[in-house]
Amino acid sequence: MAKAPMLSLQQIGKTFSNGTEALRGMTMDIEQGSFVSLLGPSGCGKSTVLKIVAGLGNLTTGRVQWPTSKVDSLGRPDHEISFVFQEPTLMQWATVFDNVWLPLRLKGTSRAAAKDKVEEALDMVGLHDFPNSYPRELSGGMKMRVSIARALITRPDG
Ligand SMILES: Nc1ncnc2c1ncn2[C@@H]1O[C@H](COP(=O)(O)OP(=O)(O)OP(=O)(O)O)[C@@H](O)[C@H]1O
Ligand SMILES: [Mg+2]
């Protein structure tokens, strides 16, 4: 019997409130551990799909299922998802350390308890020497790498 996919998109569609139809009838299964790229021209709906999968946007039609996930007490899929936005979306007033700490901080982890994990995430993206810098002091690529470190710090499933 074929293994259940980690994620199943079934005929998903999205029309924004201004009438723009960004997605129509998209169906796709994604296996655990796979690396998937969505390719297509600018404006074809790639970011819209990702936001729906991450729970950052609602569907107009279709279903998103996580067949292998446990559910929480409210019946929602209980899994760890991270999202790297197309823009860095960093807190301009906070240091690199504090930006990367944010997801753990929101889960109640103190700065001291998060220190090793933040340093490990910064190591992974080659920013070990910049914990005390502010976003305005970084290059565009460095800002995106901070955003990636922030996504890696919760060790998302996959
Ligand atoms: N919040 C929104 N309200 C209305 N229309 C939107 C909204 N977000 C995206 N769109 C529209 O939905 C379509 C898909 O946008 P999306 O951002 O998913 O494209 P994309 O494939 O990620 O493009 P790019 O490669 O440029 O990042 C576009 O026509 C866009 O104008
Ligand atoms: Mg996009």
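Our subject is the structure listed above.
This section reports on the structure supplied with the text. (Residues numbered from 1 in each chain as written. Chains lettered and ligands numbered in written order. Predicted model: local features only at pLDDT ≥ 70, side-chain atom pairs only at ≥ 80, totals over all residues. Heavy atoms only, no water.)

### Considering the site of ligand 1
Part 1: Every residue close to ligand 1 is listed here: Phe-16, Asn-18, Thr-20, Ala-22, Ser-42, Gly-43, Cys-44, Gly-45, Lys-46, Ser-47, Thr-48 and Gln-86.
Part 2: Within the backbone of Gly-45, an N or O atom sits 3.0 Å from an oxygen atom of ligand 1.
Part 3: The contact in question runs from an oxygen atom of ligand 1 to an N or O atom on the side chain of Gln-86, over 2.7 Å.
Part 4: Here ligand 1 loses 62% of its free accessible area of 630 Å² to cover by the protein chains.
Part 5: Counting residues per element, the shell around ligand 1 draws most heavily on helix α1 (residues 46-53), at 3 residues.
Part 6: When grouped by side-chain class, the residues that make up the shell around ligand 1 number 3 nonpolar, 8 polar and 1 charged. (Near = heavy atom within 4 Å. Polar contact = N/O pair within 3.5 Å; in protein donor to acceptor, adjacent residues only side chain to side chain. Areas by Shrake-Rupley, 256 points an atom, 1.4 Å probe, with all protein chains shown as cover. Helix = DSSP H or I, 4+ residues; strand = E, 2+ residues; numbered from the N terminus. Nonpolar A, V, L, I, M, F, W, Y, C, P; charged D, E, K, R; others polar.)

### A closer look at the packing of aromatic side chains
Part 1: Applying the stated criterion across every chain, the model contains 1 aromatic pair.
Part 2: On the basis of an interplanar angle of 55 degrees and a centroid distance of 4.6 Å, the ring pair of Phe-83 and Phe-85 is categorised as tilted.
Part 3: Using a relative accessible area of 18% as the deciding quantity, one classes Phe-83 as buried.
Part 4: Here Phe-85 falls in the partly exposed class, since its relative accessible area comes to 29%.
Part 5: Between the NZ or CZ atom of Arg-105 and the centre of the ring of Trp-101, over which it lies, the distance is 5.0 Å.
Part 6: We note Arg-136 situated over the ring of Tyr-134; from NZ or CZ to the ring centre the distance is 5.0 Å. (Phe/Tyr/Trp six-rings, centres within 6.5 Å; stacked < 30°, edge-to-face > 60°. Buried < 20%, exposed > 50% of the residue type's maximum accessible area, 1.4 Å probe, protein only. Lys NZ or Arg CZ within 6 Å of the ring centre and 35° of its normal.)

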